[in-house]
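Architecture at a glance
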Amino acid sequence: MRITIHAELPDTHDALALIEELEAELAPLYPPESQHGYSVEKLIAQGVAFFVVRVNGEAAGCGGIQLYPDYGELKRMYVRPAFRGMGLAQRLIDHLAAYALARECRLLRLETGTLQHAAIRCYEKAGFYQIGPFGEYPNDPLSLFYERRL
């Protein structure tokens, strides 16, 4: 099995498909005001470094990182259901952490929904711990906020 992670614009065919699948998975779980993910246009406008993970050439997941002066924020993390349980999310987190470190960023943060149980387990296993809202996030009862020092 060949696993690769490469930078890709979020408006490419595979990246768009992954983001659409992520949004379709989240839409029935959360009201619009509790869906904080960037649109594809905002990912591009904000300069989010975006990556696609592939298994044997097939797009299996995605994630991005937006760098701020004090931290990097993980964005649009998603692994297709058929590829879950293969450690791809951890590989993607490791890749994003390495990207951040190479740019002298030593703190990662993220927001996820309270109903994303598998994602929460993954983040906690990867060393993230809960914090309060950060940046421009509201204090949303359906959101959890995490960080991890690098």
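This structure is a prediction, so every number in the text was calculated from the model and none was measured.

So, on to the pairing of strand β3 (residues 58-67). The buried fraction of β3 amounts to 8 of the 10 residues, a majority that puts the element mostly inside the structure. For strand β2 (residues 49-55) and β3, the ladder comprises 7 bridges, and the chain directions are antiparallel. Paired with Val53 across the strands is Gly61, a residue of β3. If you look at the hairpin formed by β2 and β3, you'll find 2 residues sitting between the two strands, and Asn56 has a positive phi there, around 50 degrees. Relative to strand β4 (residues 72-79), β3 runs antiparallel, the two sharing 6 bridges. Bridge pairing in β4 links Ile65 to Leu74. Between β3 and β4, which follow one another and run antiparallel, lie 4 residues.

This part takes up the packing of aromatic side chains. Applying the stated rule across the entire model yields 7 aromatic pairs. Seen from their ring centres, Tyr71 and Phe134 are 5.5 Å apart, and the 85 degrees between their planes marks the pair as edge-to-face. Of this pair, Tyr71 sits in the loop between β3 and β4 while Phe134 is found in the loop between β6 (129-131) and β7 (143-149), placing the two residues 63 residues apart along the sequence. Across the pair, exposure class does not vary: Tyr71 and Phe134 are buried alike. Measuring from ring centre to ring centre gives 5.8 Å for Tyr123 and Phe128, while their planes differ by 70 degrees; the resulting arrangement is edge-to-face. Given a relative accessible area of 7%, Tyr123 falls into the buried group. Among the aromatic side chains, those forming a connected cluster through ring pairs are Tyr68, Tyr71, Phe134, Tyr137 and Phe145. Taking NZ or CZ as reference, Arg103 lies 3.5 Å from the ring centre of Tyr99, over its face. Positioned above the aromatic ring of Tyr71, the side-chain terminus of Arg109 is 4.7 Å from the ring centre.

What counts and what doesn't
Residues numbered from 1 in each chain as written. Predicted model: local features only at pLDDT ≥ 70, side-chain atom pairs only at ≥ 80, totals over all residues. Heavy atoms only, no water. Buried < 20%, exposed > 50% of the residue type's maximum accessible area, 1.4 Å probe, protein only. Helix = DSSP H or I, 4+ residues; strand = E, 2+ residues; numbered from the N terminus. Pairing = 2+ DSSP bridges. Phe/Tyr/Trp six-rings, centres within 6.5 Å; stacked < 30°, edge-to-face > 60°. Lys NZ or Arg CZ within 6 Å of the ring centre and 35° of its normal.

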